[in-house]
Structures are given as structure tokens and as C-alpha cells.
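What follows is the residue order along each chain.
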Amino acid sequence: MNNLAVKVVREQKRPAAPPSPKPQRKRRFRLTLAEKLLIVSFLLFAFYVAVQFVSSQVQIYELNKDIQKLEMAIDEQKKENNDLYVEVQRLSSYERILQKAKELGLSLNEDHVKVVKE
């Protein structure tokens with residue numbers, strides 16, 4: 001019994017151990033429903049804006065391609081018009097008309113020539 005008494009005395013003399021701190025749980029960051037909806041709506045809006053931006057860039061590219069095709073067609077038409085103008089000038093020269101008239105058996109009679117003034 002003596003031994004028991006010593007044990008009890010030792011336990012009483014021993015300072016009480018400070019309570020060990022409980023391991024704290026990491027607090028998870030929780031979003032409310034409104035915050036989740038706000039984030040999702042923002043992401044959807046950002047996706048919509050990105051799609052619209054790409055879509056408008058594609059339309060601009062297509063329009064530029066069409067403009068280039070039209071400009072090429074205009075340039076070709078201008079060349080053709082210029083070539084036709086040169087041909088008209090060549091075909092309407094006085095020497096050529098006189099040559100064609102002689103080929104067809106026409107003669108130049110200066111008494112029947114009328115001069116037209118502009």
C-alpha cells in the first residue's frame with residue numbers, strides 16, 4: 001500500500017499536462033448558390049463573347065476575300081475596256097476607213113464630201 005500512496009502523491013505532484021490542442025480541420029471554402037450561379041453566368045458570358053469575337057473575325061475575313069475578288073474583276077474589266085477603246089481608235093482611223101472603202105469599190109469624189117463642224 002505504501003507503494004500506492006507514493007504513486008498517488010507522485011501523480012498529484014506532477015503538473016497537469018496542458019491539454020493537447022485538437023488538430024484543427026482545414027476549413028473548406030464553400031460557395032453559396034448565388035456565387036456559383038454568378039461564376040457560371042460569368043463564364044458563359046465570357047465564352048459567348050469569345051465565340052462572337054471569332055465569328056466577327058471570320059465574317060471580316062470573308063468580306064475582305066470577296067472585296068479582293070471584286071477588285072480583281074474590276075481591274076480585269078478596266079483592262080478589257082481599255083483594250084476595246086484602243087481597238088476602236090485603231091479601227092476608226094481615217095486611213096483604215098479609206099482602205100476599206102477602196103476594197104469595197106468606193107471612190108473618193110471631193111465634190112460630194114460634206115464637212116460637219118461640231
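Cut-offs used in this document
Residues numbered from 1 in each chain as written. Predicted model: local features only at pLDDT ≥ 70, side-chain atom pairs only at ≥ 80, totals over all residues. Heavy atoms only, no water. Helix = DSSP H or I, 4+ residues; strand = E, 2+ residues; numbered from the N terminus. Buried < 20%, exposed > 50% of the residue type's maximum accessible area, 1.4 Å probe, protein only. Areas by Shrake-Rupley, 256 points an atom, 1.4 Å probe, with all protein chains shown as cover. Salt bridge = Lys/Arg side-chain N within 4 Å of Asp/Glu carboxyl O. pLDDT = per-residue confidence, 0-100. Patch = residues over 30% accessible without salt bridge, like charges linked within 9 Å, V, L, I, M, F, W, Y side chains within 5 Å.

Draft legend 1. Looking closely at the overall build of the protein chain. When you go through the protein chain residue by residue, the secondary structure sums to three helices and zero strands. Expressed as a percentage of the 118 residues in the protein chain, the buried residues total 0%. By element, 61% of the accessible surface of the protein chain is carried by carbon and sulfur atoms, the whole surface being about 12800 Å².

Draft legend 2. Structural view of the pattern of salt bridges. Using the criterion set out here, one finds two salt bridges in the structure. With its nearest N and O atoms 3.7 Å apart, the salt bridge here joins Lys100 to Glu103. Of this pair, Lys100 and Glu103 both sit in helix H3 (residues 94-103), three residues apart, roughly one helical turn. On the accessibility criterion, Glu103 (52% relative accessible area) is exposed.

Draft legend 3. Looking closely at the confidence of the model for the protein chain. Across the protein chain, pLDDT averages 86, with 83% of residues at or above 70. Taken element by element, the protein chain is modelled with least confidence in helix H1 (residues 2-13), mean pLDDT 62, and with most confidence in helix H2 (residues 33-91), mean pLDDT 97.

Draft legend 4. Highlighting a nonpolar patch on the surface. A surface patch of nonpolar side chains, amounting to about 570 Å² of accessible area, comprises Phe29, Leu31, Ile39, Phe42 and Leu43. Looking at the secondary structure, you find Leu31 in the loop between H1 and H2.

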